[in-house]
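Listed below are the residues making up each chain.
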Amino acid sequence: MPHGLPFKVRKLGHAVVNVSDLERSKRFYTEVLGFKVSDVYGPDKMPGGMVFLRSNGDHHCLALVGGAPAADKTARTLHHLAFELATLDEVFRARDHLKAHDAKIVYE
């Protein structure tokens, strides 16, 4: 851990990707790459719908957000990444550290 860093990232928790065709993308990740569906959110919970996928014991390591127009440059872009820390206290220290370094916090 770098000197003075008040937390340690244990692993990449998950990645979330915007996709233009949610069903097609789900088929690719499940039928071609072997991921398993953990959960599905309809448009009532997430505009465009969302599919959570796993390849290990975690609830999900990848999620797909649908509804991005194919012509839109955000159609196949990274929505967000999540990093796993050891404790909730570390999460709060990481948040404070990021704020102190002028990182934009979109959602707390």
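Look up: the structure comes first, before these words.
Here goes a summary of the coordinates provided. (Residues numbered from 1 in each chain as written. Predicted model: local features only at pLDDT ≥ 70, side-chain atom pairs only at ≥ 80, totals over all residues. Heavy atoms only, no water.)

### A few points about helix H2 (residues 88–100)
Stated precisely, the cut-off is as follows: Numbering of helices and strands runs from the N terminus; a helix is a DSSP stretch of H or I covering at least four residues, while a strand is a stretch of E covering at least two. Working rule for helices: expected span equals 1.5 Å times residues minus one.
With 13 residues, H2 extends 19 Å from end C-alpha to end C-alpha; this agrees with the ideal 18 Å at 1.5 Å per step. Within two residues after H2, Asp102 carries a phi angle of roughly 60 degrees, on the positive side.

### Quick look at the nonpolar core
Among soluble globular proteins, nonpolar side chains are generally buried collectively. The test is simple: In this description, a nonpolar core means a group of buried Ala, Val, Leu, Ile, Met, Phe, Trp, Tyr and Cys residues linked to one another through side-chain atoms lying within 4.5 Å. Accessibility here uses a 1.4 Å probe with only protein chains present; expressed as a share of the type maximum, an area under 20% marks a residue as buried, one over 50% as exposed, and anything in between as partly exposed. For this analysis, residues touch if any pair of their heavy atoms sits within 4.5 Å.
By size, the foremost hydrophobic cluster in this structure holds eight residues: Ala15, Val19, Leu22, Phe35, Val51, Leu53, Leu62 and Leu64. Elements that contribute at least two residues to this core include exactly strand E3 (50–54) and strand E4 (62–65). If near-sequence neighbours (up to four positions away) are discounted, Val51 is found in contact with Leu22, Lys26, Val37, Asp39, Val40, Leu62, Ala63 and Leu64. Within the second largest apolar cluster, six residues are counted, among which are Met46, Phe52, Ala63 and Val65.

### Observations regarding a nonpolar patch on the surface
Using the following cut-off: Surface patches are drawn from residues lacking salt bridges whose relative accessible area is over 30%; two like charges belong together within 9 Å, two nonpolar side chains (Val, Leu, Ile, Met, Phe, Trp, Tyr) within 5 Å. Methods summary: accessible areas were calculated by the Shrake-Rupley approach with a probe of 1.4 Å, and residue burial reflects only the protein chains presented. Each reported salt bridge corresponds to a side-chain nitrogen of Lys or Arg within 4 Å of a carboxyl oxygen of Asp or Glu.
A cluster of nonpolar side chains, namely Val9, Leu12, Leu78, Leu81 and Phe83, defines an oily patch on the protein surface of about 470 Å² accessible area. It is strand E5 (residues 78–84) that contributes the most residues to the nonpolar patch, three residues altogether. In this fold, Leu78 is placed in strand E5.

### Brief notes about the packing of aromatic side chains
For any two aromatic rings, the description comes down to two numbers: the centre-to-centre distance and the angle of the planes. For the record, the criterion: Stacked, tilted and edge-to-face are the three classes assigned to paired rings of Phe, Tyr and Trp, where Trp is represented by its six-membered ring and a pair needs centres within 6.5 Å; plane angles under 30 degrees give stacked, over 60 edge-to-face, the rest tilted.
Tallied over the entire structure, the rule returns three aromatic pairs. Aromatic ring contacts, followed pair by pair, group Phe28, Tyr29 and Phe35 into a single cluster.

### Overview of the sheet that holds strand E1 (residues 11–18)
Note the threshold: A pair of strands is labelled paired if DSSP reports no fewer than 2 bridges between them. Angles here are taken between N-to-C directions and fall from 0 to 180 degrees, while the axes themselves are lines fitted to C-alpha atoms, restricted in helices to the stretch in contact.
The mixed open sheet is built from five strands, whose spatial order is E2-E3-E4-E1-E5. Where the open sheet ends on each side, the last strands, each with one partner, are strand E2 (36–41) and E5. Geometrically, the sheet is characterised by an average inter-axis angle of 20 degrees between neighbouring strands, direction not taken into account. Both E1 and E5 contribute to a ladder of six bridges, which runs antiparallel. Paired with Val16 across the two strands is His80, which belongs to E5.

Just distances and angles here, no functional claims.
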